[in-house]
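Chain residues, written in single-letter form:
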Amino acid sequence: MNKTLVASTVALLMPLSACATTDADTEKSESRLTREQQAAKTEVWEPVPEVVSFDKVGVPSDAISLIGDDLSNWTSVKEGDAKWTLQDGVLTVKPGTGDIKTKAEFCDVQLHVEWKAPQPEAGMEGQQRNNSGIFLQQRYEIQVLDSYQNKTYPNGQAASVYKQTIPLVNAMKAPGEWQTYDIIYKAPTFNGEALATKGYVTVIHNGVVVQNHTEIQGTTEWIGAPKYKAHGCAPLQLQDHGNLVSFKNMWVRPL
């Protein structure tokens, strides 16, 4: 046989043999470890998550409280100071003064808000029954409405992504009772003017999941189709729909 060919064949086989030996040695070494030592190999000790504490009403220490003793966190969408009513930590729409927005801008967030629709007046029904809204980045509305025994189009009832996605269930309490929304929002992203990734939202209404990682199709339009237009971080906005809807204990955690 050609000596050169023999040498080449041996050279090719040697790494395979070495690997087989190494693998066997490794397996034997692993078998000598205790179960605790084997488990420890997949433990990750850093980074250690920061500790979050809570105040007396349950606001996390790393959250921004948006409703306090004054309206300093808010401004009018129409320009100038926010003119809604604030009393004992409860912020109530002052009809005709217009929407209000946070001075701070946000992208991805965890948002907690408690809200209350008053007892409906005679003849109030559908979308007129104590309506408001929470606009993420001033564009994407989570509907606020008294949907307790109140018939309306389902993609416009409480906890809908307005005119887009119907909530999984109606978790509404009776008017006059405080409702709770916990919202986890993933903002859309853009590559220049082009949409890169759509927005997503999860909504928990009174402890019940009603939007489960729901894709936001674009701006929540009253008339017309949703659309995306490039933007950056933007304020949260509360809607003046002409009704005395109230909000309290509203806080946000940028994610």
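Up top you'll find the structure we're talking about.
Residues numbered from 1 in each chain as written. Predicted model: local features only at pLDDT ≥ 70, side-chain atom pairs only at ≥ 80, totals over all residues. Heavy atoms only, no water.

### A few points about the pairing of strand 11 (residues 194-197)
Walk down a regular strand and you will see the side chains alternate between the two sheet faces. Pairing between strand 10 (residues 189-191) and strand 11: three bridges, direction antiparallel. For asparagine 191, the partnering residue across the bridge sits in strand 11 and is alanine 194. Hairpin connection, strand 10 to strand 11: the antiparallel pair is bridged by two residues, and glycine 192 has positive phi, about 70 degrees. (Pairing = 2+ DSSP bridges. Helix = DSSP H or I, 4+ residues; strand = E, 2+ residues; numbered from the N terminus.)

### Structural notes on unusual backbone geometry
It is generally the case that most residues other than glycine have a negative phi and that most peptide bonds are trans. Look at the link from glutamate 46 to proline 47: it is a cis peptide, with omega at -5 degrees. The backbone of glutamine 138 shows a phi angle near 60 degrees, a positive value even though the residue is not glycine. For glutamine 138, the location among the structural elements is in the loop between strand 7 (131-136) and strand 8 (140-145). Here glutamine 138 falls in the partly exposed class, since its relative accessible area comes to 27%. The backbone phi angle of asparagine 249 is positive, close to 45 degrees, even though this residue is not glycine. Locating asparagine 249 in the fold gives a position in strand 15 (residues 246-254). (Buried < 20%, exposed > 50% of the residue type's maximum accessible area, 1.4 Å probe, protein only.)

### With respect to the state of the cysteines
Following the criterion strictly, the structure yields one disulfide and no others. Covalent S-S linkage joins cysteine 107 and cysteine 233, the inter-sulfur distance amounting to 1.8 Å. For the disulfide bridge between cysteine 107 and cysteine 233, the dihedral angle about the S-S bond is near -105 degrees, and by the sign convention the bridge is left-handed. Residue cysteine 107 is found in the loop between strand 5 (100-102) and strand 6 (109-116), and its partner cysteine 233 is found in the loop between strand 13 (208-216) and strand 14 (237-238); the two are separated by 126 residues along the sequence. Using a relative accessible area of 29% as the deciding quantity, one classes cysteine 107 as partly exposed. Under the relative-accessibility criterion, cysteine 233 is labelled partly exposed at 37%. (Disulfide = S-S within 2.5 Å.)

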